[in-house]
Amino acid sequence: MAGNGNTDGEFSFSAAAARDALPRITTEKGAKPTTSSDVCHDDTASPVNFQTIDELHSLQKKRSAPTTPLKEGGGEVMGTSGPTTPVSGESMLQSVSASLASLTRETGPKVIKGDPTSTSKVAHVPHTPTSVPAADISDSALKFTHVLHNLSPAELYEQAIKYEKGSFVTSTGALATLSGAKTGRSPKDKRVVKDETTASELWWGKGSPNIEMDEQTFLVNRERAVDYLNSLDKVFVNDQYLNWDPENRIKVRIVSARAYHSLFMHNMCIRPTPEELENFGTPDFTIYNAGKFPCNRFTHYMTSSTSVDINLGRREMVILGTQYAGEMKKGLFGVMHYLMPKRKILSLHSGCNMGKEGDVALFFGLSGTGKTTLSTDHNRYLIGDDEHCWSETGVSNIEGGCYAKCIDLSREKEPDIWNAIKFGTVLENVVFDEHTREVDYKDKSVTENTRAAYPIEYIPNSKIPCVGPHPKNVILLACDAFGVLPPISKLDLAQTMYHFISGYTALVAGTEEGVKEPRATFSACFGAAFIMLHPTKYAAMLAEKMQAQGATGWLVNTGWSGGSYGSGSRIKLAYTRKIIDAIHSGSLLNATYRKTEIFGLEIPNEVEGVPSEILEPMNAWEDKVAYKDTLLKLAGLFRNNFETFTSHKIGEDGKLTEEILAAGPNF
C-alpha cells in the first residue's frame, strides 16, 4: 500500500492509529531505558506468572487440595513430583491392582494413576521383582495400566468426547452417547452362579429370572474380562456406595473401559465425600465391565456373544458383549435383593416420596402405570424413583440418581426430568440436530428405549439424604387395559400380599391391523427380573413391616374405565392425582366402602374430585354382559399366574399362604 513504508506487502497502521491502539507505555522518570534494570512496564495489565505456553496451560487447572494428612515430615510420596499426593493414593492403587488380578498369576497388574496422555508424574504401585516362570508372563504384565479413579463429570466429558466416538455435548449441556448394538438389557444372557449356598437360597426354575451357571464358567469369563481390561492403556475405576442408610450401605467398585460407563455410575450410585473416598478400603462388591469385548461362545452355558454373570460368593459381576449401562444398575439391584434380606431389610422396586408432615408412601408399578409421574409430586419430597430399602428405622434410597425414560419427553409433561437434563447428565441413544445439538425426544431411530441418567439432586424437591420414616401407605399401581378393576381399592394385608406377588399390569397390543385385545403382564413383586429370592419371601417381609407399622395397602388402576382398550377410555390423570391426594391426606381411611364381586375389592363410595360413577367399574360399562365376561377372563389370568407360587409356604404353619390364596379372585 502506497505511503505506509511497507515493502513486503504487509498491512501496517499509521502512527496516529498505532498510538490509539497500543497500551500506554511509561518509563521511570528521568532515566534512559538502556539497561536491564531500567524496565518498561504496561500499567494497563497485571504481570504474568508464566514464561512459556506450557506454563500457561499448567496454570489453567489447579490441583485439588489434599483431604488427608501427608507423610510425616512433609516428604514427597513415592512417584510424585511437585505438590505432595495424599498417602491414600498408593493404597487405592494397590486395592485396584488386587481387583484386577488374574486368578492364574501371583500379583495384579502394574497400575499407575492418571491419564496415559498426561506428561506429569503420578503415583504408581511398585512391584517387588520375583522369579516367575516365563510361561506365566504376558505382555500386559510388562506394562502399566493407567487408573482413572473417581473422575469428575467434567473430566469424564473430556475423556468421552476425545476418545469415544458418538459422544457429544447437547444444547442443554448433557453428554449424549451410544450404547452400541445393545440398547436394552439382555435378560436371557444374565446368569447367576449356582453353588451349595445359592442352590438352596435363591429362586430357581419356572418363573425365576435366575439362570444358572457353574463356578468354573464364571471364572473363565472373569479371566477373559480381566485380561481385556489389563490389556488397555487405561481403565476407569469408580468407588461408590449403595443405600443411603449409613448403617447398611454397601461399598461397590466398578472397573470399566468407557468414560460413558464411569459417568453413568457416578450419577447412579451414591457419591462418596473426599474423606469417605480416602478411607474406602476394600469394596464389598466389584463389577468388571468389559462390555466392548464379547464372551467366547464356545464357553459352557454361553448362548450368544453377551454374558452378564453374577457370583454372590465372590461378590463379583462380569459383563461381556454389551455396552448397555443399565446392566450395571440392575445387576447391583439384584445383588441388593440378595444381601439386604439377610439383614432383615426389605429391598423394593418402587418409587418413594414423603409429605411435609413426614408421611411416607411407596409406589409399586410396572412400565406405563404412572409410577414415576405419581411419585414425583411438587407438594412432597422425592426420596427416590426406583430402588429402596425398608429397614427397622425406615426407608432409604439404594441409589444416588435417577434413570428416566426419554421417549416423547416434553417440558410440559415432565418438567422435572426435562430440567434435569443438563451438564453432568448422560443421555443414552438419543437423536439430536447435528448443528444445534437440540435433542429430538420423539425420534426412535436408534431405539425407543432412550434414557437419561442424572444425580437425584437434579430434582428440585429431592430429599437429601434420601431417607425417611416408615411408610404409612403402600400403593400398588396397575394399568388395567381390560377396564374392570376399580380406580381405587383399599386392600387388607392378605390382598396386599396377593397383588404384590402377582405384580399385574396390562399392555396394549399393536394396532397395525386394527385394535387388538390387551395382554396381561405379571411380574412378581413388580420387579421379577431383578429379585433373587422367591417372591413369597419378599411378600412375607412386606406384610410383617406393614403390620408392625400400621401401613395401609391400596390398589390404584391408572388404566381404562367404561370398557376395555378400544371401547372404553383412559382414566384421567387428574382423577388419579385426586385419588392419590386422598390417600396421602388420610381422608380415604374414613370413607365408607362396598365390596366388588369376583376380586372382593373394597371401593369407596366417593372420592373428592372424582366422578362417583367411575368408582364402581360395572356402572361405567354400558354392556354389563361384556363387563362380566371380561372380569372373569382377567380373574382366570390372575389364577393361572398364581399357580406358580401356591407350592411355597409362608410362615412355619403355612397359615399365611392359605390367607393369601383366599385373597385372590373367587369364582
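Residues numbered from 1 in each chain as written. Predicted model: local features only at pLDDT ≥ 70, side-chain atom pairs only at ≥ 80, totals over all residues. Heavy atoms only, no water.

- Per an unreviewed UniProt entry, the protein is named phosphoenolpyruvate carboxykinase (ATP), and its organism is Raphanus sativus.
- What the UniProt record of the protein gives under Sequence similarities (unreviewed entry) is the line "Belongs to the phosphoenolpyruvate carboxykinase (ATP) family."
- Per UniProt, the comment on the protein under Pathway (unreviewed entry) is "Carbohydrate biosynthesis; gluconeogenesis." (UniProt positions renumbered as here; feature names shortened; annotations may be inferred.)

## Remarks on the overall build of the protein
Then, in step 1: On a plain count of helices and strands, the protein comes out with 17 helices and 34 strands.
Then, in step 2: By the burial criterion, 51% of the 667 residues in the protein qualify as buried.
Then, in step 3: Partitioning the contacts of the protein with sequence separation of at least 6, the portion at a separation of at least 24 is 71%.
Then, in step 4: Summed over all atoms, the accessible surface of the protein reaches about 31800 Å², with 52% contributed by carbon and sulfur. (Helix = DSSP H or I, 4+ residues; strand = E, 2+ residues; numbered from the N terminus. Buried < 20%, exposed > 50% of the residue type's maximum accessible area, 1.4 Å probe, protein only. Contact = heavy atoms within 4.5 Å. Areas by Shrake-Rupley, 256 points an atom, 1.4 Å probe, with all protein chains shown as cover.)

## Observations concerning the side chain of S99
Then, in step 1: By the element assignment, S99 lies in helix α3 (residues 88-99).
Then, in step 2: Given the relative accessible area of 9%, S99 is considered buried.
Then, in step 3: Only 2.9 Å separates the side chain of S99 from the side chain of R253, close enough to count as a polar contact.
Then, in step 4: Among residues more than four places away in sequence, those in contact with S99 are R222, R253 and Y288. (Polar contact = N/O pair within 3.5 Å; in protein donor to acceptor, adjacent residues only side chain to side chain.)

## Let's talk about the sheet that holds strand β25 (residues 467-468)
Within a beta sheet, neighbouring strands are joined by backbone hydrogen bonds and run either parallel or antiparallel to one another.
Then, in step 1: The strand order across the open sheet formed by 4 strands is β14-β18-β19-β25, and the pairing between neighbours is antiparallel. Looking at strand neighbours, the two that pair on one side only are β14 (346-349) and β25, the edges of this open sheet.
Then, in step 2: Sheet topology note: the strand β18 (residues 387-390)/strand β19 (residues 395-397) ladder contains 3 bridges and is antiparallel. Looking across to β19, one finds that C389 is bridged to S396.
Then, in step 3: Strands β14 and β18 of the sheet are contacted by helix α9 (residues 326-342), whose axis makes an angle of about 150 degrees with β14.
Then, in step 4: Contacts from helix α13 (residues 535-549) reach β14 and β18, with the element oriented near 105 degrees to β14. (Pairing = 2+ DSSP bridges. Axes fitted to C-alpha atoms, helices over the stretch in contact; angles between N-to-C directions.)

## Some details on the packing of helix α12 (residues 493-502) against α13
Then, in step 1: Interaxial distance between α12 and α13 falls to 10 Å at its minimum, and their mutual angle equals 145 degrees. With respect to the hand of their crossing, α12 and α13 are arranged in right-handed fashion. Here L493, T496, M497, F500 and I501 of α12 lie close against α13, whose contacting residues are P535, T536, Y538, A539, A540, L542, A543, M546 and Q547. (Left-handed = near helix turned anticlockwise from the far one by under 90°.)

## A short note on the pairing of β18
Then, in step 1: Burial along β18 is two-sided: E387 and C389 and H388 and W390, pointing in opposite directions, are all buried.
Then, in step 2: Sheet topology note: the β14/β18 ladder contains 4 bridges and is antiparallel. Bridge pairing in β18 links H349 to E387.
Then, in step 3: Connecting β18 to the antiparallel partner β19 that follows it, the hairpin turn spans 4 residues, and G394 within it adopts a positive phi of roughly 140 degrees.

## Overview of unusual backbone geometry
Then, in step 1: The linkage connecting I464 with the following residue, P465, adopts the cis geometry, with an omega of -5 degrees.
Then, in step 2: Inspection of the secondary structure puts P465 in the loop between β24 (451-455) and β25.
Then, in step 3: In the Ramachandran plot, N243 falls in the positive-phi region, its phi being about 85 degrees despite a non-glycine side chain.
Then, in step 4: A positive phi angle, close to 60 degrees, is found at R315, a residue other than glycine.

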